Amino acid sequence: MSKPVDTRDLPDIIRRPIVTEKATLLLENNQYTFEVAPKATKPQIKAAVESLFDVKVQGVSTLNPPRKKRRVGRFMGYRPVYKRAIVTLAPGDTITLFPDV
């Protein structure tokens, strides 16, 4: 049994949309890709997208890409860790990622 989602934390769950070639191809299937907080769960992501964008979510797939090493001169480090969510919307619903200004 899942606990109810706190509506005050929903805007902090979705960080930004991911715009890559693969994410753009998924738009044809009514799927949108977002960077989300690493601790966010699928019910929290679903509630956040539904409340922020006024759409109906059919499914949420999440993945944690592996950490990659990066080097600047002699210093080794890692790229930031993030979580990616692919959200499938109900037919007829859309999210405007690039509003006309």
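Computed from a prediction, not measured in an experiment: that's the story for all the values here.

K.L.:
Got a minute to help me understand the overall build of the protein chain in this structure?
P.N.:
Counting secondary structure elements, the protein chain contains 3 helices and 6 strands. Across the protein chain, helices and strands are ordered from the amino to the carboxyl terminus as α-β-α-β-α-β-β-β-β. The 101 residues of the protein chain split such that 29% are buried. Accessible surface for the protein chain amounts to roughly 7500 Å². Of this, 53% is attributable to carbon and sulfur atoms. Of note, the protein chain has its 18 positive side-chain charges centred 16 Å away from the centre of its 10 negative side-chain charges.

K.L.:
Explain the sheet that holds strand β6 (residues 83-89) to me, please; I cannot follow it from the model alone.
P.N.:
The pairing of strands in a sheet comes from backbone hydrogen bonds and takes either a parallel or an antiparallel form. Here 4 strands make up an open sheet; going across it, the order is β1-β2-β6-β3 and the pairing antiparallel. Bordering the open sheet on either side are β1 (14-17) and β3 (57-63), each of which pairs with just one other strand. Sheet twist, expressed as the average angle between the axes of neighbouring strands with direction ignored, equals 35 degrees. In the packing of helix α3 (residues 42-53) onto the sheet, the strands contacted are β1, β2 (31-36), β3 and β6, and the crossing angle to β3 comes to about 130 degrees.

K.L.:
It is not clear to me how the pairing of strand β5 (residues 75-78) should be interpreted in this structure. Could you clarify?
P.N.:
When a strand is regular, its side chains alternate between the sheet's two faces. Bridge count between strand β4 (residues 69-72) and β5: 4 bridges; the pairing is antiparallel. Its bridge partner lying in β5, Arg70 is registered against Gly77.

K.L.:
Would you mind going over the packing of aromatic side chains with me for this structure?
P.N.:
Tallied over the entire structure, the rule returns 1 aromatic pair. One Lys or Arg, Arg67, reaches over the ring of Tyr78 and ends 3.6 Å from the middle of that ring.

The rules we used
Residues numbered from 1 in each chain as written. Predicted model: local features only at pLDDT ≥ 70, side-chain atom pairs only at ≥ 80, totals over all residues. Heavy atoms only, no water. Helix = DSSP H or I, 4+ residues; strand = E, 2+ residues; numbered from the N terminus. Buried < 20%, exposed > 50% of the residue type's maximum accessible area, 1.4 Å probe, protein only. Areas by Shrake-Rupley, 256 points an atom, 1.4 Å probe, with all protein chains shown as cover. Lys, Arg positive; Asp, Glu negative; His and termini not counted. Charge placed at Lys NZ, Arg CZ, Asp CG, Glu CD. Pairing = 2+ DSSP bridges. Axes fitted to C-alpha atoms, helices over the stretch in contact; angles between N-to-C directions. Contact = heavy atoms within 4.5 Å. Phe/Tyr/Trp six-rings, centres within 6.5 Å; stacked < 30°, edge-to-face > 60°. Lys NZ or Arg CZ within 6 Å of the ring centre and 35° of its normal.

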